Amino acid sequence: MSRTGLWDSHAHLDSDYFTDDREELISKLQQDLDGIVNPGCDEATSAFAVELAEKYDFIYAAVGWHPEELKGIPADYLDKLAAWAVHPKVVAIGEVGLDYYWKENEPKEVQKRIFLEQIDLAKQFDLPVIIHDRDAHGDMLEIFQKEVSGVRAVFHCFSGSLEMAKELVKRGYYFGFGGTSTYKNAQKVREVMSYIPRELLLFETDSPYLTPVPYRGKRNNPGYLELTARNAAEVLGVPFEELAEQTTKNVKALFTKIK
Ligand code: NI
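None of the values given here were measured: they were computed from a predicted structure.

Caption draft 1: Quick peek at the overall build of the protein. On a plain count of helices and strands, the protein comes out with 9 helices and 8 strands. Here the C-alpha atoms of the protein give a radius of gyration of 17 Å, agreeing with the 18 Å that 2.2 N^0.38 yields for 259 residues. Here the C-alpha coordinates of the protein stretch approximately 45 × 40 × 35 Å along the principal axes. Within the protein, the proportion of its 259 residues that are buried is 57%. Partitioning the contacts of the protein with sequence separation of at least 6, the portion at a separation of at least 24 is 71%. Of the accessible surface of the protein, which amounts to about 11400 Å², a share of 49% is contributed by carbon and sulfur atoms.

What follows is the structure, given as structure tokens:
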């Protein structure tokens, strides 16, 4: 693959799925992509994300506690986040949010409290928030309609309705689209993607998950981002290069520490 001019706004290169070939993969990705944002999901993965960002120029980190990782969250987790937040390559708080899909996750009230605390911290450090929303669209929308304002955020791998998207667009939030937007049955996702103003659009892989067509079912990696972006260019009727350039601008507008 040649240089794409793309940014993967969401990839978990810290994942165990990359244990065997991480370095080799990253040196290849350095040829293809302009940059990668690697969000953490708990203490260990956030620390690993920061480590990768320190090691590789084109990788940036986000730090946070994912809603699936709240059991046993340290009492001083906000202090840990605050310590990371001032690092020059920590560009966001995330991924954080609500996940009502897994029954073993912490109760909704606990998830909401920790989510809101992390948003407050992001505001305090003028960092954007990378948001995970799975089967929690109603509560998520309510939070951004009634409780939260004055923060930059991206709804990663957005799976909400067009109506929800319209409310979030009004408030200037960003939307990440990944492999799911290439799936045959994902007409709804493509409809939403077509509605989003170009200046609020980001691409992502969510590697190692959600692999785009034609590699669906295999391990995802940021090298497959181009498949998602080319598919989106076709869906939106925009030249690929134009979309790459616009989404790169968007990454820098959202993650303002990236120059
Ligand atoms: Ni993710």
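Back to the write-up after that little detour.
Caption draft 2: View of the coordination of the nickel ion. Each protein donor to the nickel ion is listed here as His10 (NE2), His12 (NE2), Glu95 (OE) and Asp206 (OD); together their distances run 2.0 to 2.3 Å. Here the nickel ion is ringed by 4 donor atoms whose angles at the metal span 80 to 173°, and the overall shape comes out irregular. Counting along the primary sequence, the residues that act as donors to the nickel ion give the motif H-x1-H-x82-E-x110-D. On the criterion of sequence distance, the pair formed by histidine 12 in the loop between β1 (6-8) and α1 (22-32) and aspartate 206 in the loop between β8 (201-203) and α8 (225-236) is long-range, its members being 194 residues apart.

Caption draft 3: Region of the structure containing the sheet that holds strand β4 (residues 90-99). Here we have 8 strands laid out as an open sheet, ordered β1-β2-β3-β4-β5-β6-β7-β8, and parallel in their pairing. In the strand order of this sheet, the two ends are held by β1 and β8, each with one partner. Sheet twist, expressed as the average angle between the axes of neighbouring strands with direction ignored, equals 30°. Here 2 bridges tie strand β6 (residues 153-155) to strand β7 (residues 174-177), and the two strands are oriented parallel to one another. Counted as the bridge partner of valine 154 is tyrosine 174 from β7.

Caption draft 4: Broad picture of the pattern of salt bridges. In this structure the tally under the stated criterion is 13 salt bridges. A salt bridge links glutamate 43 to lysine 80, with the nearest nitrogen and oxygen atoms 3.2 Å apart. Of this pair, glutamate 43 sits in helix α2 (residues 43-55) while lysine 80 sits in helix α3 (residues 77-85), placing them 37 residues apart in sequence. Residue glutamate 43 is classed as partly exposed on the basis of its relative accessible area of 34%. It is possible to trace a salt-bridge network through shared partners that takes in Glu43, Asp76 and Lys80.

Caption draft 5: Structural view of the packing of aromatic side chains. Inspection of the entire model under this criterion finds 12 aromatic pairs. Seen in terms of ring centroids, tyrosine 17 and tyrosine 209 are 6.0 Å apart; in terms of plane orientation they differ by 75°. Their pairing is edge-to-face. One end of the pair, tyrosine 17, is in the loop between β1 and α1; the other, tyrosine 209, is in the loop between β8 and α8, and 192 residues separate them in sequence. Looking at tyrosine 209, the relative accessible area reads 40%, which means it is partly exposed.

Caption draft 6: Inspection of the packing of helix α5 (residues 137-147) against helix α6 (residues 162-170) at higher detail. Where α5 contacts α6, the two axes come as close as 11 Å, and the packing angle between them is 20°. Judged by the inter-axis angle, α5 sits roughly parallel to α6. Here α5 and α6 pass one another in a crossing that is left-handed. Taken together, the residues of α6 that come into contact with α5 (itself represented by His137, Met140, Leu141, Phe144 and Gln145) are Met164, Glu167 and Leu168. A breakdown of the residues in the contact of α5 with α6 according to their chemical character gives 5 nonpolar, 2 polar and 1 charged.

Caption draft 7: α6, seen in detail. Taken together, the buried positions of α6 are Met164, Ala165, Glu167, Leu168 and Val169. Packing partners of the buried residues in α6 comprise β5 (129-134), α5, β6, β7 and α7 (187-195). Glycine 172 lies just past α6 and shows a positive phi near 80°.

Caption draft 8: Fine view of the side chain of asparagine 220. Along the chain, asparagine 220 falls in the loop between β8 and α8. Setting aside chain neighbours within four positions, we find asparagine 220 in contact with Phe18, Thr205, Ser207, Pro208, Tyr209, Leu210, Thr211 and Pro212.

Caption draft 9: Spatial organisation of helix α9 (residues 240-254). Taking 1.5 Å as the rise per residue, α9 with 15 residues should run 21 Å; its terminal C-alpha atoms sit 21 Å apart, in good agreement. Among the residues of α9, those classed as buried are Phe240, Leu243, Ala244, Thr247, Thr248, Asn250, Val251 and Leu254. Down the axis of α9, the sector holding all buried residues measures 160°, keeping them to one side. Of the residues in α9, the exposed ones pointing more than 90 degrees away from the buried face are Glu241, Glu245 and Lys249. Where α9 is buried, its residues meet β1, β6, β7, β8 and α8.

Cut-offs applied
- The written sequence of each chain sets the order in which its residues are numbered from 1.
- pLDDT decides what is reported in this predicted model: residues at 70 or higher carry local features, side-chain atom pairs at 80 or more are listed and counted, and totals for whole chains, interfaces and linings draw on all residues regardless.
- Hydrogens and water are ignored here; the side-chain numbers use all heavy atoms of the structure.
- Numbering of helices and strands runs from the N terminus; a helix is a DSSP stretch of H or I covering at least four residues, while a strand is a stretch of E covering at least two.
- Radius of gyration here uses only the C-alpha atoms, and the compact-globule reference equals 2.2 Å multiplied by the residue count raised to the power 0.38.
- Three labels apply to residues, based on accessible area from a 1.4 Å probe with only protein chains included: buried if under 20% of the type maximum, exposed if over 50%, partly exposed otherwise in between.
- Contacts are assigned to residue pairs that have any heavy atoms within 4.5 Å of one another.
- Under the convention used here, a 1.4 Å probe and the Shrake-Rupley method define accessible areas, while residue burial counts only the protein chains that appear.
- Metal donors were taken as nitrogen, oxygen and sulfur atoms no farther than 2.8 Å from the ion, or 3.2 Å where the ion is Na, K or Ca. Water is excluded, so coordination may look unfinished.
- Every angle between 85 and 135 degrees makes a four-donor site tetrahedral, while opposite donors more than 155 degrees apart, with all other angles between 65 and 115, make a four-donor site square planar and a six-donor site octahedral; other sites are irregular.
- Any two strands are treated as partners once DSSP identifies two or more bridges connecting them.
- The axes are straight lines fitted to the C-alpha atoms, using for helices just the contacting stretch, and the angles between their N-to-C directions are given from 0 to 180°.
- By definition here, a salt bridge exists when the distance from a side-chain nitrogen of Lys or Arg to a carboxyl oxygen of Asp or Glu is within 4 Å.
- In summary, the pairing rule links any two rings of Phe, Tyr or Trp, Trp by its six-membered ring, whose centres are within 6.5 Å, and it sorts them by plane angle into stacked for under 30 degrees, edge-to-face for over 60 and tilted for everything else.
- For this classification, under 35 degrees means roughly parallel, over 145 means roughly antiparallel, 65 to 115 means roughly perpendicular, and everything else is oblique.
- Crossings are classed by handedness, with left-handed meaning an anticlockwise turn of the near helix from the far one by less than a right angle and right-handed meaning a clockwise turn.
- Charged residues are taken to be Asp, Glu, Lys and Arg, nonpolar residues to be Ala, Val, Leu, Ile, Met, Phe, Trp, Tyr, Cys and Pro, and polar residues to be all remaining types, Gly included.
- To estimate how far a helix should extend, the number of its residues minus one is multiplied by 1.5 Å.
- By arc we mean the arc of the directions from the helix axis to the C-beta atoms, nothing more.

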